[in-house]
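# Structural overview
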Amino acid sequence: RTSEQPYRTGFHFQPTKNWMNDPNGLMYYKGYYHLFYQWNPYGAVWGTITWGHAVSTDMLQWHILDVALAPDQWYDINGCWTGSATFVAANRPVLIYTGWTNISSSVEHKIQVQAVAVPHDSEDPLLQKWIKVNDNPILVAPIGIDPTEFRDPTTAWIGADGKWRMVVGSKRKEDGVALLYRSSDFLHWHKAEDPLHSVVDTGMWECPDFYPVSIGGQNGLDTSVNGPDVIHVLKASLANDKHDYYVVGTYNSDYDTFTPADSSHNVGIGLRYDYGKFYASKTFYDSAKGRRILFGWVNESSSAKNDIVKGWSSLQGFPRKIWLNGETKSSILQWPIQEIETLRRRSDSLSGIFLEANSVTRVTGVEGAQLDVEVEFDMPSLNEAEILEVDSSNVQLACSQVGKSHKGAVGPFGLLVLASEDLKEQTAVFFYAVLTGGGWKTLICSDQGRSSLNNDVDKTSYGSYMSVPSNDKSLRLRTLVDHSIVETFAQGGEICITSRVYPVKAVNNQAHLYLFNNGVQY
Ligand code: FRU
């Protein structure tokens, strides 16, 4: 990092400059991973959106290509918005995206339609040039749907009758909805009478994603796979609260019905991919390694003014492999793709460290603003855990009230990353075990409260509750640090928390790692 650009990252994708948002059209094709992304070529704030395009052989190092889709047709003249890739045959990837167009010559009335693009030359493994088909737009909003809330088509899949299906995000009154469409030729699409799913009062569903996962393993499945060993995940990005919610359920491809596996879960209630900053995410099936991978947009916590000064805004989260949690069968696990291990320049392993009550221990020899830390804490004795009733819908508030500096019984204990030598700057990732009416639980928090001496950044804390089965012997954290992003995967990927931080002292080799324990009972 240069002193002018201390917040640019190394192993997280970002364009060379300007604004980025959602990941789009992810696919693996002829030896390359393709990442398209919502990109404004004209500035560091959202604006006239194109599809930026980057390719990689390992999802670590990306090569940026020319813009793949730009607003140059009447039906996408205001922007080429989010969409997905589908293989209609092994060598025929197709993109469906949202065009933002004008209803009339008055630019005040802008609406959303769906459009298709195909490769100019499918022999080109880089898929550099895309052709928008003559049939565009292939879909306009149906009767009863607000044409300003009709966007973000999913990857399509084949149902029991051999026809294609896809979902478009929308809302009906205040109910979020996944509109279902069917097609035999990928160009003519017909809306199914019933949506695939809908949840009252969840507002606009952006960027829906719908995909199968294996019931019995970590292997990924191509999007059309279904059967007795398969269960599905439906995810929507809630425009109202800017978080990605998912639910695991059974998809019946004869009737195109989707039924949540756990009736207490639903889109918009409870299950989140990530409890920090992570939005508009999308998965794809990696046919090279037989896994399903999740990308998500991680925006800035700094002001737009700061973004304009630094000339860029947003990162993509580090790609995560995802699979069904075999314990619950109604939630998923997420883990950084294994390729990250090839970036480790050195690997240190320490064990048998005793964290005394009220202590902070420097992990010596581990300096730097890029780390991949895995830590395992022996299960603390819970006899003295404090009683704390936290409304599970507001754990974020509890995390900021408790804070890292709180002195509890069983914790807070955990890591300080991007910490300056004097500890004036530190980002704390910690566990804090408490007794609740429903038994004991642990809060897992990422506390940005002291992450920077600069006060012009958002330092909100994030967190979640985590139930830990009694046969678990330890509490586990894995935290990736890359200059201005801290991504935490707790308990093997059950709970993830991504945050953005902007230290002014704890940069490069001035960034240190500590272990701490503020609890008195550990
Ligand atoms: C989500 C989103 C999408 C839309 C795109 C526009 O962040 O609002 O719904 O297609 O961004 O850039």
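Please read all numbers here as calculations on a predicted model, not as lab measurements.

Cut-offs used in this document
- Residues numbered from 1 in each chain as written.
- Predicted model: local features only at pLDDT ≥ 70, side-chain atom pairs only at ≥ 80, totals over all residues.
- Heavy atoms only, no water.
- Pairing = 2+ DSSP bridges.
- Helix = DSSP H or I, 4+ residues; strand = E, 2+ residues; numbered from the N terminus.
- Phe/Tyr/Trp six-rings, centres within 6.5 Å; stacked < 30°, edge-to-face > 60°.
- Buried < 20%, exposed > 50% of the residue type's maximum accessible area, 1.4 Å probe, protein only.
- Axes fitted to C-alpha atoms, helices over the stretch in contact; angles between N-to-C directions.
- Domains from an automatic or database assignment.
- Buried area = accessible area lost by both parts, 1.4 Å probe.
- Salt bridge = Lys/Arg side-chain N within 4 Å of Asp/Glu carboxyl O.
- Polar contact = N/O pair within 3.5 Å; in protein donor to acceptor, adjacent residues only side chain to side chain.

A few words on the sheet that holds strand 1 (residues 18-29). Pairing within the open sheet is mixed, and its five strands lie in the order 4-3-2-1-21. Bordering the open sheet on either side are strand 4 (63-69) and strand 21 (312-313), each of which pairs with just one other strand. Where strand 2 (residues 32-40) lies against strand 3 (residues 50-56), seven bridges are found, and the strand directions are antiparallel. Residue pairing for strand 3: F36 is matched across the bridge by H53.

A separate point is the packing of aromatic side chains. Going through the model one piece at a time under the given rule, you end up with 31 aromatic pairs. With centroids separated by 5.8 Å and ring planes inclined at 65 degrees, the aromatic side chains of W46 and W81 adopt a geometry described as edge-to-face. Of the two residues, W46 is situated in the loop between strand 2 and strand 3 and W81 in strand 5 (residues 79-89); the sequence distance between them amounts to 35 residues. Classification of W81 as buried rests on a relative accessible area of 11%. Between the aromatic rings of F377 and F413, the centroid separation amounts to 5.0 Å while the plane-to-plane angle is 70 degrees, which identifies the pairing as edge-to-face. Taken together, the residues F377 in strand 26 (residues 370-378) and F413 in strand 28 (residues 410-419) connect sequence positions 36 residues apart.

Before going further, it helps to examine the sheet that holds strand 26. The four strands lie next to each other as 26-32-33-34, forming an open sheet whose pairing is antiparallel. Here the strands that pair on one side only, and so sit at the sheet edges, are strand 26 and strand 34 (495-500). The mean angle between the axes of side-by-side strands here comes to 15 degrees, regardless of whether they run parallel or antiparallel. In terms of strand pairing, strand 32 (residues 474-482) meets strand 33 (residues 485-490) through five bridges, oriented antiparallel. Counterpart to V481 in the pairing with strand 33 is V486.

Domain parsing of the protein yields domain 1 (23-340) and domain 2 (346-517). Placing the centre of domain 1 and that of domain 2 at their C-alpha centroids yields a distance of 32 Å. For the pairing of domain 1 and domain 2, the buried interface totals around 2100 Å² over both sides, and the portion due to carbon and sulfur atoms is 53%. When the buried surface of domain 1 facing domain 2 is broken down by residue, Y275, S301 and W335 rank first, second and third, together holding 31% of it. Where domain 1 touches domain 2, the interface holds two salt bridges. Between the two partners, domain 1 and domain 2, sit 13 residue pairs in polar contact (both at pLDDT 80 or more). Counting only elements with at least two residues in the side of domain 1 that touches domain 2, the list comes to helix 1 (304-310) and strand 24 (332-336).

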